[in-house]
Amino acid sequence: MAEAFDWDTLNKFFPPSPTRHSSHRNMKRSAPDSPSKKRARLTSVHLDDDPFAAKNSRDTVKDHVELASTRLLARISEKSVPEQLYGLDQEYDKLHDLLSQTVAMGESNSCLLIGNRGTGKTMLVRRVLEDLARQHNRDNQEAFCIVRLNGLVQSTDRLALNEIARQLFEQQQVDQEHQQPARRFSSFAESFEYILSLLKSGDKSTLPVIFILDEFDLFAQQPKQALLYNLFDAAQSAQNPMAVIGLTCRLDALLLLEKRVKSRFSHRQIYLLPPKEFDGFIELTKSTLQLRTLITDTPGYSAYADKFNAAIEELFKDSTMISIVRRIFDLTKDVRMFYKTCVSFRS
């Protein structure tokens, strides 16, 4: 049997219109409410009485602390990318324009990011790739494919080839009806040639592929530099749109390349430098600990973030905090050392 509808709850928010036989009809017209009475009448309905309000509203101080702690830990552990990169506006524009030509116009490019450890090379690449994905991805379809390699992990060409094949296989959209049978290769050279032929067989309408080579100098120290030669050669062929971005902390990385490899490199270089002045470094560390609000955040969390940021401003006026940041600046100028210091204080 159907449950009876609770008319009392509905009448609390939508009172019935008065009729001739209704008890709500008053014979004497009352005077209009004053603004103070109207405000009191509107606020007399509690949140618990509203059937359309969120019953579990997470807007307590404990919830604010948990959310702020989660966001700060994600930032100092480098799991999340900061919304704004301090002091890297020009470098961001150069790399963004370069990869935009590959993603939007189908042009192949190569570039080398050079800078000391902790200057923001990896964060810069991640920020640019996320912005490009936000601009060009449509209907849950990726506008480009990313292959990430690291010279410390893929220490040989064979390991690098296996990683390229694995990442391309994970990101490709396989058509089950026209899926080709798996091919078998008798040697490493044959499989390497087959993957490179796939990269060179497309045209400007093919899905662009962006290669990110971290620790680029270690790839340059491999015998014959076969991986770098074939990647740069595929990028120079201007058939399948692809970009090769190398990240290194060695200023002489180009001198490590063989003549045949260097001739196929575009010689585009972007230098990332640490802050030269202590004031710039302390602003960088301060911005790491400051909270930023989103559109979806509650007004209570926004107020909590303002108070938290004001406390951070006072913290960086303390002589002990300034001495800690000063020591990191004098030793390494690596902001990740400040991240480790924050984690050690929390633990």
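Right above here is the structure, for reference.
Keep in mind that what you see is a predicted model, and the values were worked out from it rather than measured.

Engineer: Just to check I follow, could you spell out the environment of Glu107 for this structure?
Structural biologist: Take Glu107: it is sitting in the loop between α4 (89-105) and β1 (109-115). Its relative accessible area of 30% is what places Glu107 among the partly exposed residues. Spatially, the C-alpha atom of Glu107 lies 9.7 Å from that of Gln236, the residues being 129 residues apart in sequence. Setting aside residues no more than four positions away along its own chain, Glu107 makes contact with Gln101, Thr102 and Met242.

Engineer: Any chance you could explain α4 here in plain terms?
Structural biologist: An α-helical turn contains 3.6 residues, so a residue and the one three or four places further along point in the same direction. For α4, spanning 17 residues, the distance from its first C-alpha to its last is 23 Å, which sits close to the expected 24 Å at 1.5 Å a residue. Those residues of α4 lying buried are Glu91, Leu95, His96, Leu98, Leu99, Ser100, Thr102 and Val103. Its buried side turned inward, α4 meets β1, α5 (121-136), β3 (209-214), β4 (242-248) and β5 (269-272).

Engineer: Can you walk me through the packing of aromatic side chains in this structure?
Structural biologist: Pairs of aromatic rings are described using the distance from one ring centre to the other and the angle between the two planes. Applying the stated criterion to the full structure yields 7 aromatic pairs. Ring centres of Tyr304 and Phe308 lie 6.3 Å apart, and the angle between their planes is 35°; on these two criteria the pair is classed as tilted. Of the two residues, Tyr304 and Phe308 both sit in helix α12 (residues 299-315), 4 residues apart, roughly one turn of that helix. For Tyr304, a relative accessible area of 21% puts it in the partly exposed group. Connected via pairs of aromatic rings, a cluster forms that spans Phe216, Phe232 and Phe265.

Engineer: Where do I start with the nonpolar core in this structure?
Structural biologist: A general tendency of soluble globular proteins is for nonpolar side chains to be buried together. Core analysis: the biggest nonpolar cluster contains 29 residues, and Leu149, Phe211, Leu213, Phe216, Leu228, Met242 and Val244 have the highest contact counts within it. Those elements that place two or more of their residues in this core are β1, β2 (145-150), α6 (157-171), β3, α8 (216-220), α9 (226-236) and β4. No other element matches α9, which puts 7 residues into this core. If we ignore the near neighbours within four places in the chain, the residues touching Leu228 are Leu213, Phe216, Phe219, Ala220, Leu257 and Val261. In this structure, Leu88, Val103, Leu129 and Ile210 belong to the second largest nonpolar core, which totals 25 residues.

Engineer: Explain unusual backbone geometry here, please?
Structural biologist: Positioned with a positive phi, Lys224 is a non-glycine residue whose angle comes to about 65°. Considering the arrangement of structural elements, one finds Lys224 in the loop between α8 and α9.

Engineer: I'm lost on the environment of Tyr301 in this one. Help?
Structural biologist: By the element assignment, Tyr301 lies in helix α12. With relative accessibility at 1%, the residue Tyr301 sits in the buried group. Remark: the alpha-carbon pair of Tyr301 and Val65, spanning 236 residues in sequence, is separated by 9.0 Å. Dropping the residues within four chain positions of it, Tyr301 is found in contact with Asp59, His64, Leu67, Ala68, Arg71, Leu291 and Thr293.

Conventions used here
Residues numbered from 1 in each chain as written. Predicted model: local features only at pLDDT ≥ 70, side-chain atom pairs only at ≥ 80, totals over all residues. Heavy atoms only, no water. Helix = DSSP H or I, 4+ residues; strand = E, 2+ residues; numbered from the N terminus. Buried < 20%, exposed > 50% of the residue type's maximum accessible area, 1.4 Å probe, protein only. Contact = heavy atoms within 4.5 Å. Expected span 1.5 Å × (residues − 1). Phe/Tyr/Trp six-rings, centres within 6.5 Å; stacked < 30°, edge-to-face > 60°. Core = buried A, V, L, I, M, F, W, Y, C linked by side-chain atoms within 4.5 Å.

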